[in-house]
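Topology and contacts: notes
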Amino acid sequence: MAKKQAARQAKKPYRIAVIGGDGTGPEVVREGLKVLAAAAEVGKFRYETQEFDFSGARYLARGGDPAKPNIPVVTDEELAALKTFDAIYLGAVGDPNVAPGILEKGLLLRLRFELDQYINLRPVKLYPGVKCPLADKGPEDIDFVIVRENTEGLYTGMGGCQYKGTPHETATQIMCNTRHGVERCIRYAFDLCRKRGDKKLLTLVHKTNVLTFVGDLWFRTFNEVGQEYSDITRDYNHVDACCMWMVKNPEYYDTIVTGNMFGDIITDLGAMIQGGMGIAAGGNINPDGLSMFEPIGGSAPKYTGKNVINPLAAIGALAMLLKELGEEAAGDRVEAAIAYVTARKLKSLAAGKMGYTTTEVGDLVAEAVLKGLKA
Ligand code: IPM
Ligand code: MN
């Protein structure tokens, strides 16, 4: 953050690395950049972008193959270059022609880990005019945020396999959490909860009744750190119960904090109750360093190149990027413009059913940003 503010004070342009990625990623990012141009014009800030092609197609063109681990998805030099930017804007990762796990590990997880983006911030917000699959729930009922730990848990790659292919095959995948990693995530969640509004309710989500080691580390840390936040009500849900409550009483939640895998799962559920993958945005955040923002849906190969995918999730991710850079007002303006478009324009959030093309939706939001339109 300090670095970003310094850049702002010196009135240097923000430097934003753009990774379109796979499938519909480049299409939705293009619309986000349109909106960025509008936001910069109104907000009177300058920025530069540089594109990085870290796609599955490039990996394959370079001879990438699971049997040849020496061909990286992102090279060390490219990673070093990325580190000089103020923010990263990512489209989508996933190519059906590349074996599962290669791009995910080689790009997305590598950047999350190496840039120490230890928070995955995923707001669950039902915009006005959006059809919610939950009966009788409206925008006032669905407005909470999930803080997912993003560098530990089941994602560290610890574990292994022995006696593969034999009847004695043994496989482990270790849920590894550190006090340091859990504590910094929990502190971030308490701080965020304090900033968010009046509810001041922070819910820890885990599975302490079964995961008695890792769950206990989260639970103890949560209660210890919570002593410093007497204005915030501490609450705990098992992850299975949380899924139930997210569907039955989503209005209950304010801020949720949880581990990496549980966070992965409940944020897909969250995306559905806010109207689908077309609108769900997220940020991989290093509060003291370089953060990366992305729509949380996948690369949608079947819609690629058809100009039908919904770019609003990518545009929402851009709003989050702006706020993280310190351009709060610009981020709010983009969110208001999204709400205007969902409330007044789109027929549906689903690909091909919006009543507009991808590029037209981008135009609508950019125009709403320029004019300062709201729902
Ligand atoms: C997400 C995705 C990733 C994850 C995959 C693609 C590795 O599902 O960002 O939620 O599991 O974190
Ligand atoms: Mn996921």
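1. Brief notes about the environment of Ala87
With respect to the helices, strands and loops of the structure, Ala87 is situated in strand β3 (residues 87-92). Taking relative accessible area as the criterion, Ala87 reaches 3% and is therefore assigned buried. As for Ala87 and Leu364, which are separated by 277 residues in sequence, their C-alpha atoms are 25 Å apart. Not counting chain neighbours up to four residues away, the residues in contact with Ala87 comprise Arg15, Ile16, Ala17, Leu290, Ser291, Leu321 and Leu325.

2. Observations regarding the site of ligand 1
Around ligand 1 lies a shell formed by Glu104, Leu108, Arg112, Arg122, Arg148, Tyr155 and Asp264. Here an oxygen atom of ligand 1 sits 2.7 Å away from a polar atom, N or O, in the side chain of Arg112. For ligand 1, whose unbound accessible area comes to 320 Å², protein coverage reaches 76%. Broken down by element, the residue count for the shell around ligand 1 peaks at three residues, all from helix α5 (residues 102-114). Its residues assigned to classes, the shell around ligand 1 shows two nonpolar, no polar and five charged.

3. Thoughts on the pairing of strand β11 (residues 281-285)
Across a regular strand the side chains alternate sides, sitting on one face of the sheet and then on the other. Summarising burial for β11: five of the five residues are buried, a large majority. With burial as the criterion, each face of β11 is covered, one bearing Ala281, Gly283 and Ile285 and the other bearing Gly282 and Asn284. As judged from the three bridges shared by strand β4 (residues 119-125) and β11, these two strands associate in the antiparallel manner. Across the sheet, the residue bridging to Asn120 is Asn284, located in β11. The loop that links β11 with its antiparallel partner strand β12 (residues 291-295) comprises five residues.

4. Topic: the packing of helix α6 (residues 179-196) against helix α7 (residues 214-226)
Axis separation between α6 and α7 bottoms out at 9 Å; the angle between their running directions is 45°. Viewed along their axes, α6 and α7 adopt a mutual orientation that is oblique. As α6 runs across α7, the sense of the crossing is right-handed. Contacts from Arg179, Val182, Glu183, Cys185, Ile186, Arg187 and Phe190 in α6 reach Leu217, Trp218, Thr221, Phe222, Glu224, Val225 and Gly226 in α7. Residues that form the contact of α6 with α7 fall into these classes: eight nonpolar, two polar and four charged.

5. Observations regarding the pattern of salt bridges
One pass over the full model with this rule turns up 21 salt bridges. Between Lys137 and Glu251 there is a salt bridge, with its nearest N and O atoms 3.1 Å apart. Of this pair, Lys137 sits in the loop between β4 and β5 (143-149) while Glu251 sits in the loop between α8 (239-248) and β10 (255-258), and the two are 114 residues apart along the sequence. Lys137 sits in the partly exposed class, given a relative accessible area of 21%. Between Glu228 and Arg187 there is a salt bridge, with the nearest N and O atoms lying 2.8 Å from each other. In this pair, Glu228 is assigned in the loop between α7 and β9 (233-238) and Arg187 in helix α6, connecting sequence segments 41 residues apart.

6. Let's talk about the confidence of the model for the chain
Residue-level pLDDT values for the chain average 96, and 97% of them are 70 or greater. Across the chain, β10 holds the top mean pLDDT of 99, while helix α1 (residues 2-9) sits lowest at 57.

7. A short note on the packing of aromatic side chains
A full pass over the atoms with the stated rule returns eight aromatic pairs. Judged by centre distance (5.4 Å) and plane angle (25°), the rings of Phe190 and Phe222 are stacked. Placement of the pair is Phe190 in helix α6 and Phe222 in helix α7, with a sequence separation of 32 residues. Residues Phe190 and Phe222 agree in their burial class; the two are buried. Each member of the aromatic cluster is reached from another via a ring pair, and the members are Phe52, Phe54 and Phe85. Just above the ring of Tyr127 sits the side chain of Lys125; from NZ or CZ to the centre is 5.3 Å.

What counts and what doesn't
Residues numbered from 1 in each chain as written. Chains lettered and ligands numbered in written order. Predicted model: local features only at pLDDT ≥ 70, side-chain atom pairs only at ≥ 80, totals over all residues. Heavy atoms only, no water. Helix = DSSP H or I, 4+ residues; strand = E, 2+ residues; numbered from the N terminus. Buried < 20%, exposed > 50% of the residue type's maximum accessible area, 1.4 Å probe, protein only. Contact = heavy atoms within 4.5 Å. Near = heavy atom within 4 Å. Polar contact = N/O pair within 3.5 Å; in protein donor to acceptor, adjacent residues only side chain to side chain. Areas by Shrake-Rupley, 256 points an atom, 1.4 Å probe, with all protein chains shown as cover. Nonpolar A, V, L, I, M, F, W, Y, C, P; charged D, E, K, R; others polar. Pairing = 2+ DSSP bridges. Axes fitted to C-alpha atoms, helices over the stretch in contact; angles between N-to-C directions. Parallel < 35°, antiparallel > 145°, perpendicular 65-115°, else oblique. Left-handed = near helix turned anticlockwise from the far one by under 90°. Salt bridge = Lys/Arg side-chain N within 4 Å of Asp/Glu carboxyl O. pLDDT = per-residue confidence, 0-100. Phe/Tyr/Trp six-rings, centres within 6.5 Å; stacked < 30°, edge-to-face > 60°. Lys NZ or Arg CZ within 6 Å of the ring centre and 35° of its normal.

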